[in-house]
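Results of the structural survey
The primary structure of each chain is shown beneath.
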Number of protein chains: 2
Amino acid sequence: MPSEFALIARHFVRPTDHSELGIGDDAALIRARPGMELAISTDMLVSGTHFLPGTDAHLLGWKTAAVNLSDIAAMGGEPRWITLALALPEADEAWVAALADGFFECCQHFGVDWIGGDTTRGPLNLCATVFGEIPQGLAIRRSGAVAGDDLWISGTPGLAVLGLEALFGHLELAPEWQRTCLAALERPQPRIALGRALRGHAHAMLDVSDGLAGDLGHILESSGVGGTLDQAALPLAGPLAACGDAALALEKVLYGGDDYELIFAAPPAERAFLMQLAAELALPLHRIGVCETSPGLRLAMSDASLRPLRPKGFDHFA
Amino acid sequence: MPSEFALIARHFVRPTDHSELGIGDDAALIRARPGMELAISTDMLVSGTHFLPGTDAHLLGWKTAAVNLSDIAAMGGEPRWITLALALPEADEAWVAALADGFFECCQHFGVDWIGGDTTRGPLNLCATVFGEIPQGLAIRRSGAVAGDDLWISGTPGLAVLGLEALFGHLELAPEWQRTCLAALERPQPRIALGRALRGHAHAMLDVSDGLAGDLGHILESSGVGGTLDQAALPLAGPLAACGDAALALEKVLYGGDDYELIFAAPPAERAFLMQLAAELALPLHRIGVCETSPGLRLAMSDASLRPLRPKGFDHFA
């Protein structure tokens, strides 16, 4: 069985592009560029909680990197460096190699240096910490939304959770949507170009990891405002086509989670810029509601009635 | 049962002293001081592998921070920021509160801002990532030792593993040493002041987490040199007094691990400086051997014979 040091040497030590020192010493060494501050985020993925025990190792590696990069995107940052600590029940070298390849593929794709790690024995657990650069003072926090702002979301939330439920056998997806939903679940795309482009345009932003309503609730609460979503403006078409059930599609778009799309508040004066940006990035941006002074989150139904939305995301201890 | 968000809000959100933004958004924000580079290290502690399942939560919190800070000390850095991700089998709030208090106590003691975290459900696992500042170019790597350098170690390696074996009931310690050995195990002191003071003086350095011989082996191998340790110069008195067995004391000093002392190579011209430094820091520094061109690691016994030492540290998959 390969030793811990051999495993690290063979699979974790990858070329770095913009670091002073990568994996192999007590610590890695990096230098932020002048005028930049660092955004730092850490995420832990646990077998059985965040992914199914038999998940393909390469896809799991990709996702572990991607969900961390998404947190930097959500601040308007450019992810530049990442570390990965890993607890493994056994030293299954083929599995570790595939995981490392998937992790590295995502890092490379987004220009991120993999600079540090730790491997140890234990129940399967992956913990990545990512560092991004943002010009000083330009980070987009969750707390900056004001009444009158539009609420926007990128892409197609709801597909990932439909993919997950199909894997569990809880529902059957339309055949032509199976691949798209699984890709949303297994190979999420952090919206880094979008996040960067929103610096100076968005007032507040989060990535949707716990569900649209829940993460929007965090923005509204920390900004001291409320909001109303327009049912007719929600991107329901994809999830509806995938599952064939309008009520289920609405539920999954609002509460699904694991989407890694960006939800943000921006003033109406930014609408033209945002439509232009969506075209440039070939990424749909949906204007789904407005911020208001009245606290809480509401859904304006197509019959003009208002339905209160519980702003509740996924809670690991609920 | 408290929610994940309530747990974070109540126990993880602590005042920060030198950070732009702490816990509570997608990412924390920090700025390195001008002329500084960042040293980054991540360590994962797993129940049953790194600590006993019933370990006191406050002590575990301290140790989780301390072993990470030690990696920054070993580069000659000043630890400034840290994140903690946590998988918990259940939301036992009293346990989480004690863990967070111990972690924060260590951070505060060493001037480190606790800026980020993640809590999730899963088998108990603690993953901290620490960021330290070092003036650009002054980091002390493992690879800089040259033939002719003295080899030094701080403090009293071997006590921590004696404490662990006493906890397991594998041996009985002299009563007056029980507390010292347990403190070495449960409240390790990262040698931050020593590490910083060695900038520009030590050629190579590591912290002793996997055992003196193993970590020294890493220095020698990556520096392309060998070394001989002098048995008579090893700090054996403490471990010997604690366990009453000379052969066992030698074994534990060389191979014990979990010590978090600093082992370093420095040219003979630094001897006077180092003796002065030891006095200033009230921390013993032991000159235990020399670097040589001949590869490998040897122990010069008191009868002048040479014994080859396997430079083998702890391997989680061995």
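Some details on the packing of aromatic side chains
Residues and elements named next belong to chain A. Following the criterion strictly, the structure yields eight aromatic pairs over all chains and no others. Of the aromatic side chains, those joined through ring pairs into one cluster are Phe-12, Phe-103 and Trp-114. In this structure, Arg-187 packs its charged tip against the face of Trp-62, placed 3.9 Å from the ring centre.

Brief notes about the relation of the copies chain B and chain A
At an RMSD of 0.0 Å, chain B and chain A line up after a rotation of 180° and a shift of 0.0 Å along the axis. Taken together, these values place the two copies in the relation of a two-fold axis.

Re the sheet that holds strand β12 (residues 306-308) of chain A
Residues and elements named next belong to chain A. Here seven strands make up an open sheet; going across it, the order is β7-β9-β6-β10-β8-β11-β12 and the pairing mixed. The open sheet has two edge strands with one neighbour each: β7 (204-207) and β12. Averaged over all pairs of adjacent strands, the angle between their axes in this sheet comes to 25°, without regard to strand direction. Alignment of strand β8 (residues 226-230) against strand β10 (residues 285-292), held across four bridges, turns out to be antiparallel. The partner of Leu-229 across the bridge, within β10, is Gly-289.

Quick look at helix α9 (residues 246-255) of chain B
Residues and elements named next belong to chain B. All of the buried residues along α9 are Ala-249, Leu-250, Lys-252, Val-253, Leu-254 and Tyr-255. If you follow the buried residues of α9, they end up packed against α4 (159-168), α7 (212-223), β8 (226-230), α8 (237-243), β11 (296-300) and β12 (306-308). The N-capping residue of α9, defined by a side-chain oxygen 3.0 Å from the backbone nitrogen of Ala-247, is Asp-245.

Quick notes on the interface of chain B and chain A
Each partner contributes to the interface: chain B provides 65 residues, whereas chain A provides 65 residues. At the boundary of chain B with chain A, total buried surface from both sides reaches about 5,300 Å², with 57% on carbon and sulfur atoms. If you look at where chain B meets chain A, you find four salt bridges. One salt bridge in this structure joins Glu-37 of chain B and Arg-31 of chain A, with 2.6 Å as the shortest N-O distance. Seen at the junction of chain B and chain A, the total is 17 residue pairs in polar contact (both at pLDDT 80 or more). Counting residues per element, the ones that place at least two in the side of chain B that touches chain A are α1 (4-12), β1 (28-30), β2 (36-46), α2 (57-73), β3 (78-88), β4 (113-121), β5 (125-135) and β7 (204-207) of chain B. Looking at side-chain class alone, the side of chain B that touches chain A contains 32 nonpolar, 17 polar and 16 charged residues.

Description of the sheet that holds strand β9 (residues 262-266) of chain B
All names here are of chain B. The mixed open sheet is built from seven strands, whose spatial order is β7-β9-β6-β10-β8-β11-β12. In this open sheet, the two strands that pair with only one neighbour each are β7 and β12. Adjacent strand axes in the sheet meet at a mean angle of 25° when their direction is disregarded. Those strands touched by α7 are β6 (150-154), β7, β8, β9, β10 (285-292) and β11, and its axis lies near 150° from that of β7.

Digging into the pattern of salt bridges
A full pass over the atoms with the stated rule returns 30 salt bridges over all chains. Here Lys-63 of chain A makes a salt bridge to Asp-258 of chain A, at a shortest N to O gap of 2.8 Å. Placement of the pair is Lys-63 of chain A in helix α2 (residues 57-73) and Asp-258 of chain A in the loop between α9 (246-255) and β9 (262-266), with a sequence separation of 195 residues. On the basis of relative accessible area, Lys-63 of chain A is assigned to the buried category, the value being 9%. We note a salt bridge from Arg-187 of chain B to Glu-105 of chain B, for which the minimum N-O separation is 3.3 Å. Highlighted residues: Arg-187 of chain B in the loop between α5 (175-186) and α6 (192-197) and Glu-105 of chain B in helix α3 (residues 93-109), separated in sequence by 82 residues. The partly exposed category is assigned to Arg-187 of chain B, whose relative accessible area is 28%. On the basis of relative accessible area, Glu-105 of chain B is assigned to the partly exposed category, the value being 31%.

Side note on the domain arrangement of chain A
Residue and element names in this part refer to chain A. According to the domain assignment, chain A contains domain 1 (4-135) and domain 2 (150-308). Between the C-alpha centres of domain 1 and domain 2 the distance comes to 27 Å. Across the boundary between the two partners, domain 1 contributes 21 residues, which contact 19 residues of domain 2. Summing both sides of the interface, domain 1 and domain 2 together bury roughly 1,700 Å²; the carbon and sulfur share of this comes to 61%. At the surface where domain 1 touches domain 2, the tally comes to three salt bridges. With a closest N to O distance of 3.7 Å, Glu-78 and Arg-196 form a salt bridge. For the side of domain 1 that touches domain 2, the elements supplying multiple residues, two or more each, are α2, β3 (78-88) and β5 (125-135). Among the elements that line the side of domain 1 that touches domain 2, the one with the most residues is α2, at ten residues. Here the residues of the side of domain 1 that touches domain 2 are counted per class, giving twelve nonpolar, four polar and five charged.

Comments concerning the pairing of strand β2 (residues 36-46) of chain A
By the criterion of burial, β2 of chain A is predominantly enclosed, with eleven of the eleven residues buried. The side-chain alternation of β2 of chain A yields two buried faces, one formed by Met-36, Leu-38, Ile-40, Thr-42, Met-44 and Val-46 of chain A and the other by Glu-37, Ala-39, Ser-41, Asp-43 and Leu-45 of chain A. Direction of pairing for β2 of chain A relative to β5 of chain A: antiparallel, over a ladder of eleven bridges. The partner of Leu-45 of chain A across the bridge, within β5 of chain A, is Leu-126 of chain A. Across three bridges, the pairing between β2 of chain A and β1 of chain B is antiparallel. Directly across from Leu-38 of chain A, in β1 of chain B, lies its bridge partner Ile-30 of chain B.

What about the packing of α2 of chain B against α3 of chain B?
Residue and element names in this part refer to chain B. Running from N to C, α2 and α3 cross one another at 40°; their axes reach a closest spacing of 6 Å. Along this stretch, α2 crosses α3, giving a crossing that reads as right-handed. Contacts between α2 and α3 involve Ala-57, His-58, Leu-60, Gly-61, Trp-62, Thr-64, Ala-65, Ala-66 and Leu-69 from the first element and Trp-95, Ala-98, Leu-99, Asp-101, Gly-102, Phe-103, Glu-105, Cys-106, Cys-107 and His-109 from the second. Classifying every residue of the contact of α2 with α3 by side-chain character gives twelve nonpolar, five polar and two charged.

Regarding the side chain of Asp-215 of chain B
Residue and element names in this part refer to chain B. Within the secondary structure layout, Asp-215 lies in helix α7. At a separation of 3.0 Å, a polar atom in the side chain of Asp-215 contacts the main-chain amide nitrogen of Ser-209. Beyond its immediate stretch of four places on either side in the chain, Asp-215 contacts Leu-206, Asp-207, Val-208, Ser-209 and Asp-210.

Considering the state of the cysteines
Under the definition given, this model contains zero disulfides over all chains. We note that Cys-106 of chain A lacks a disulfide partner, and the nearest cysteine sulfur, in Cys-107 of chain A, lies 6.0 Å from it. Between Cys-243 of chain B, a cysteine without a disulfide, and Cys-181 of chain B, which holds the nearest cysteine sulfur, the sulfur-to-sulfur distance is 8.5 Å. With a relative accessible area of 16%, Cys-243 of chain B lands in the buried category.

Things to note about unusual backbone geometry
All names here are of chain A. If you check the backbone angles, Ala-304 has positive phi at about 75° while not being a glycine. Here Ala-304 shows up in the loop between β11 (297-300) and β12. On the basis of relative accessible area, Ala-304 is assigned to the exposed category, the value being 68%.

Rules used throughout
- Residues numbered from 1 in each chain as written.
- Chains lettered and ligands numbered in written order.
- Predicted model: local features only at pLDDT ≥ 70, side-chain atom pairs only at ≥ 80, totals over all residues.
- Heavy atoms only, no water.
- Phe/Tyr/Trp six-rings, centres within 6.5 Å; stacked < 30°, edge-to-face > 60°.
- Lys NZ or Arg CZ within 6 Å of the ring centre and 35° of its normal.
- Least-squares fit on C-alpha atoms with pLDDT ≥ 70 in both.
- Pairing = 2+ DSSP bridges.
- Helix = DSSP H or I, 4+ residues; strand = E, 2+ residues; numbered from the N terminus.
- Axes fitted to C-alpha atoms, helices over the stretch in contact; angles between N-to-C directions.
- Buried < 20%, exposed > 50% of the residue type's maximum accessible area, 1.4 Å probe, protein only.
- Contact = heavy atoms within 4.5 Å.
- Polar contact = N/O pair within 3.5 Å; in protein donor to acceptor, adjacent residues only side chain to side chain.
- Buried area = accessible area lost by both parts, 1.4 Å probe.
- Salt bridge = Lys/Arg side-chain N within 4 Å of Asp/Glu carboxyl O.
- Nonpolar A, V, L, I, M, F, W, Y, C, P; charged D, E, K, R; others polar.
- Domains from an automatic or database assignment.
- Left-handed = near helix turned anticlockwise from the far one by under 90°.
- Disulfide = S-S within 2.5 Å.

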